[in-house]
Amino acid sequence: MRYKQGLPVSLALAVTIGGVAVAESTDTIRIPMNEWTGQNLSARIMGELLTDAGYSVEYVTAGAVPQFTAISQGELHVQPENWTNNVGDIYQKALDSGAMKIVGDLGVVADEGWIYPPYMEERCPGLPNYTALMNCAEAFTSADTYPKGRLIDYPADWGPRSRALIEKFGLPYVPVPGGSEGSMVAELKGAIAAEEPIIMMMWQPHWVFAEVDLNWVEWNPIEGNCDEKNQTYEDACGFEQADVVKVVWSGFEEKWPDAYEFVEKFTLTNEIQNRLILEVDQNGRSVDEVAREWIDHNESVWQPWVSSIDS
């Protein structure tokens with residue numbers, strides 16, 4: 001494939017191995033779509049560029065943890081945005097078995113933990129230190145959790161990390177799974193507007209931090225990454241911070257070698273994602289439209305990525 005003046009010109013999909021032209025597969029490349037906007041944008045930008053290059057691409061709704069079974073079995077093929085600390089045991093098993101492989105970092109720098117609005121510090125003295133949560137659960141309570149606090153966790157498909165931490169430390173809170181990214185943000189903004197109590201598992205990059213004032217629960221500083229499973233309450237480090245990586249089905253490189261090289265080069269940054277997420281989640285535009293607009297206005301960024309299929 002080659003791109004001419006910003007427009008793709010389809011040629012026969014082929015690579016040269018040992019001096020012999022070998023056709024790439026014309027089978028459809030299937031990309032999972034998870035439950036948060038940033039991943040949807042990463043997936044759509046990658047898929048649109050592959051489509052422009054002449055590949056057949058399909059987007060498949062898949063849970064952030066169940067998707068790894070499908071990738072291992074070759075039912076899904078490339079995940080451009082995988083957060084490595086919220087993946088369950090199946091993720092490492094898929095890598096160890098060789099059925100799935102990492103093809104590098106996406107470029108997004110992640111941060112995850114519990115957030116709350118600043119007015120909760122007056123109601124829960126001792127915040128932002130995590131030890132304050134043990135003694136002021138009623139400040140975060142709701143009718144269905146009283147006298148325990150209500151903590152909004154990630155959607156159930158993303159794994160029970162907050163629940164595991166609450167149970168490990170015996171914190172008097174009930175983790176309530178969020179329905180989706182959109183419903184979590186809507187509840188957060190609604191609570192802040194009414195100055196109601198709220199504490200929530202959240203991540204960044206995310207546009208919400210540019211719109212509302214939020215504080216993070218602070219844990220003990222450590223060197224290196226946090227060992228969630230083996231930490232103690234006295235030396236709690238909170239949550240392991242993710243690497244954000246691209247993963248593919250183990251047969252991807254052999255079946256689509258040019259596309260594989262493109263996936264290796266594909267990168268996005270926090271700055272790019274934050275702008276695009278804002279357009280979708282706040283300005284009401286579709287993921288498809290925002291991704292396409294970014295592609296149309298940023299050829300100088302993505303052109304080096306497609307060099308393997310631009311010949």
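Placed above this text is the structure.
Residues numbered from 1 in each chain as written. Predicted model: local features only at pLDDT ≥ 70, side-chain atom pairs only at ≥ 80, totals over all residues. Heavy atoms only, no water.

A. Fine view of the packing of helix α1 (residues 37–52) against helix α11 (residues 270–281). One way to put it is that α1 packs onto α11 with a least axis distance of 9 Å and a crossing angle of 105°. Classified by the angle their axes make, α1 and α11 are roughly perpendicular. Across the interface between the two elements, T37, G38, L41, S42 and I45 from α1 touch Q273, L276, I277, V280 and D281 from α11. Here the residues of the contact of α1 with α11 are counted per class, giving 5 nonpolar, 4 polar and 1 charged. (Axes fitted to C-alpha atoms, helices over the stretch in contact; angles between N-to-C directions. Helix = DSSP H or I, 4+ residues; strand = E, 2+ residues; numbered from the N terminus. Parallel < 35°, antiparallel > 145°, perpendicular 65-115°, else oblique. Contact = heavy atoms within 4.5 Å. Nonpolar A, V, L, I, M, F, W, Y, C, P; charged D, E, K, R; others polar.)

B. The packing of aromatic side chains, seen in detail. Using the criterion set out here, one finds 18 aromatic pairs in the structure. Ring geometry for W114 and F239: centres 5.5 Å apart, planes at 70°, overall edge-to-face. Note that W114 is positioned in strand β9 (residues 111–116) and F239 in the loop between β13 (215–216) and β14 (244–249), a separation of 125 residues in sequence. A single burial state applies to W114 and to F239, both of which are buried. One aromatic cluster in this structure is built from W114, Y130, F169, W219, Y233 and F239. Of note, R44 hangs over the ring of Y59, and the distance from its end group to the ring centre comes to 3.8 Å. (Phe/Tyr/Trp six-rings, centres within 6.5 Å; stacked < 30°, edge-to-face > 60°. Buried < 20%, exposed > 50% of the residue type's maximum accessible area, 1.4 Å probe, protein only. Lys NZ or Arg CZ within 6 Å of the ring centre and 35° of its normal.)

C. Quick look at a negative patch on the surface. A contiguous patch of negative charge, built from D105, D227, E240 and D243, is present on the exposed surface. Tracing the sequence through the fold places D105 in strand β8 (residues 100–105). (Patch = residues over 30% accessible without salt bridge, like charges linked within 9 Å, V, L, I, M, F, W, Y side chains within 5 Å. Areas by Shrake-Rupley, 256 points an atom, 1.4 Å probe, with all protein chains shown as cover. Salt bridge = Lys/Arg side-chain N within 4 Å of Asp/Glu carboxyl O. Lys, Arg positive; Asp, Glu negative; His and termini not counted. Charge placed at Lys NZ, Arg CZ, Asp CG, Glu CD.)

D. Layout of the layout of surface pockets. Quantified by volume, the largest pocket comes out at close to 620 Å³. Around the largest pocket, the lining comprises 23 residues; the ones closest to its centre are N85, G88, E228, K229 and E240. Every element with two or more residues in the lining of the largest pocket is listed here: α3 (88–97) and α6 (161–169). Considering each element in turn, the lining of the largest pocket owes the most residues, 6 residues, to α3. Taken together, the residues that form the lining of the largest pocket break down as 9 nonpolar, 6 polar and 8 charged. (1 Å grid on protein atoms, 1.4 Å probe; cavity = no way out; pocket = protein on both sides within 12 Å on 5 of 7 lines; lining within 4 Å. Points joined across faces, edges and corners; volume = space filled by probe spheres on them.)

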